[in-house]
Amino acid sequence: RKVLWNADYINKFLDEYDVEMEWYKDSETFFSFLEEGEPLVIQYPYEVAEGVYIGHLVAAFSFDEEGVWAADSISGKNILVPYDMVFGKSGRYTRYGFATVWVDE
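Computed from a predicted model, the values in this text were never measured in an experiment.

Undergrad: It is not clear to me how the environment of Trp69 should be interpreted in this structure. Could you clarify?
TA: Residue placement: Trp69 occurs in strand 4 (residues 67-71). You can call Trp69 partly exposed: its relative accessible area is 28%. Taking C-alpha positions, Trp69 is 26 Å from Asn11, a pair spaced 58 residues apart along the chain. For Trp69, the contacting residues outside a window of four places in its chain are Ala59, Ala60, Phe61, Ser62, Phe63, Asp64, Asn78, Ile79 and Leu80. Of note is the side chain of Trp69, whose polar atom sits 2.9 Å from the side chain of Asp64.

Undergrad: Help me understand the packing of aromatic side chains in this model?
TA: How two aromatic rings sit relative to each other is set out by the distance from centre to centre and by the angle between their planes. The final tally for this structure, using the stated rule, is eleven aromatic pairs. Between Phe31 and Phe87 the ring centres are 5.5 Å apart and the planes differ by 15°, which places this aromatic pair in the stacked class. Here the residue Phe31 occupies a position in helix 2 (residues 27-35), and Phe87 occupies one in the loop between helix 3 (83-86) and strand 6 (93-103), the gap between them amounting to 56 residues. Judged by relative accessible area, which is 22%, Phe31 ranks as partly exposed.

Undergrad: Please clarify how helix 2 should be interpreted in this entry.
TA: The α-helix winds at 3.6 residues per turn, so residues separated by three or four positions along the chain end up facing the same way. Burial in helix 2 covers these residues: Ser27, Thr29, Phe30, Phe33 and Leu34. Buried residues of helix 2 fall within an arc of 165° about the axis and therefore sit on the same side. Within helix 2, the exposed residues directed more than 90 degrees away from the buried face are Glu28 and Glu35. The inward-facing, buried residues of helix 2 contact strand 1 (19-26), strand 2 (40-49), strand 3 (52-63), strand 4, helix 3 and strand 6. Of the residues one or two after helix 2, Gly37 is the one with positive phi, at around 85°.

So, how was this worked out
- Residues numbered from 1 in each chain as written.
- Predicted model: local features only at pLDDT ≥ 70, side-chain atom pairs only at ≥ 80, totals over all residues.
- Heavy atoms only, no water.
- Helix = DSSP H or I, 4+ residues; strand = E, 2+ residues; numbered from the N terminus.
- Buried < 20%, exposed > 50% of the residue type's maximum accessible area, 1.4 Å probe, protein only.
- Contact = heavy atoms within 4.5 Å.
- Polar contact = N/O pair within 3.5 Å; in protein donor to acceptor, adjacent residues only side chain to side chain.
- Phe/Tyr/Trp six-rings, centres within 6.5 Å; stacked < 30°, edge-to-face > 60°.
- Arc of directions from axis to C-beta.

Function cannot be inferred from these measures alone, as they are strictly geometric.
Written out as structure tokens, the structure reads:
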């Protein structure tokens, strides 16, 4: 297919597995969740070829002075995503939405 992920694919996945997501963009909520130990789905621009980027979704679980720690599905490792890849220039909002995830029981 020509599209890696889009809203339709995500919604079909969520319906199939009874998963729910709630989306946010503000930094206060972002850090509040991580401080409470709540992992988040975040997106950042991932370079697939020189100058060619896709939005890559990862599971963020912590942060430090350099950036956000996340579990990366491409490398299978924990990675540090720099803050400028996650937040806009003001630092008040993420570049892309981020989400909490839970399974319906």
